[in-house]
Amino acid sequence: MSSAQWKAVPARDVQVVTSCEVRQRFRNCGQPGIAICQYCGQSFCAQHGARLADGQEICSRSTCQRKKADLERHFAYKEGVGRRNEERRCGEADCDEWPGGQCSKCGGLFCPRHLEQREVEQRRSATTTRVRGSLCRHCRKRRNLWSQV
Ligand SMILES: [Zn+2]
Ligand SMILES: [Zn+2]
Ligand SMILES: [Zn+2]
Ligand SMILES: [Zn+2]
């Protein structure tokens, strides 16, 4: 076998499914992995995660399951905000103010009262920079979860 086939690649570029890395009490599960979790980047076995029909691959770790549930909620939220914005209302439920600004995370339009200036991370290729941005209440609440690995 020629050595060229073994050229080192950065670990994050190529992910290989290894044995299941989900922790069980004091050690990893270790059963044959079936896929790599799209959130934590770890291999999981058939018992510790699922490959969904829409192509998502998510392990059973509670943080990853919470991210999955959060994304479903988030899409529903964005739909609701979009509908309210079409009627020229603030994206916050029960607020009929004229929207004056945009949330830098979800892109929804909100009145000044329902937007807060915060530092937000902006990811451009490999670097993450912190900039001032406006966030709606929903997106502020989501940040804790998504900062967890
Ligand atoms: Zn995971
Ligand atoms: Zn497992
Ligand atoms: Zn938002
Ligand atoms: Zn409002």
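Residues numbered from 1 in each chain as written. Chains lettered and ligands numbered in written order. Predicted model: local features only at pLDDT ≥ 70, side-chain atom pairs only at ≥ 80, totals over all residues.

**Student:** I tried to follow the domain arrangement of the chain on my own but got confused; where do I start?
**Tutor:** One frequently used descriptor of interface size is the decrease in accessible area upon assembly of the parts. Here the chain is partitioned into domain 1 (1-60) and domain 2 (62-146). Its C-alpha centre places domain 1 at a distance of 31 Å from the equivalent point of domain 2. Facing the six residues of domain 1 at the interface are four residues of domain 2. (Domains from an automatic or database assignment. Contact = placed C-beta atoms within 7 Å.)

**Student:** Before we go on, may I ask you to explain the packing of helix α1 (residues 62-86) against helix α2 (residues 137-146) in this structure?
**Tutor:** How two helices sit against one another is set out by the angle between their axes and by the gap between those axes. Where α1 meets α2, the closest approach of the two axes is 11 Å, and the angle between their N-to-C directions is 165°. By the angle between their directions, the pair α1 and α2 is classed as roughly antiparallel. The handedness of the crossing between α1 and α2 comes out as left-handed. Here R66, K67, D70, H74 and Y77 of α1 come into contact with α2, specifically with H138, R142 and L145. Class assignment for the residues of the contact of α1 with α2 results in two nonpolar, two polar and four charged. (Axes fitted to C-alpha atoms, helices over the stretch in contact; angles between N-to-C directions. Helix = DSSP H or I, 4+ residues; strand = E, 2+ residues; numbered from the N terminus. Parallel < 35°, antiparallel > 145°, perpendicular 65-115°, else oblique. Left-handed = near helix turned anticlockwise from the far one by under 90°. Nonpolar A, V, L, I, M, F, W, Y, C, P; charged D, E, K, R; others polar.)

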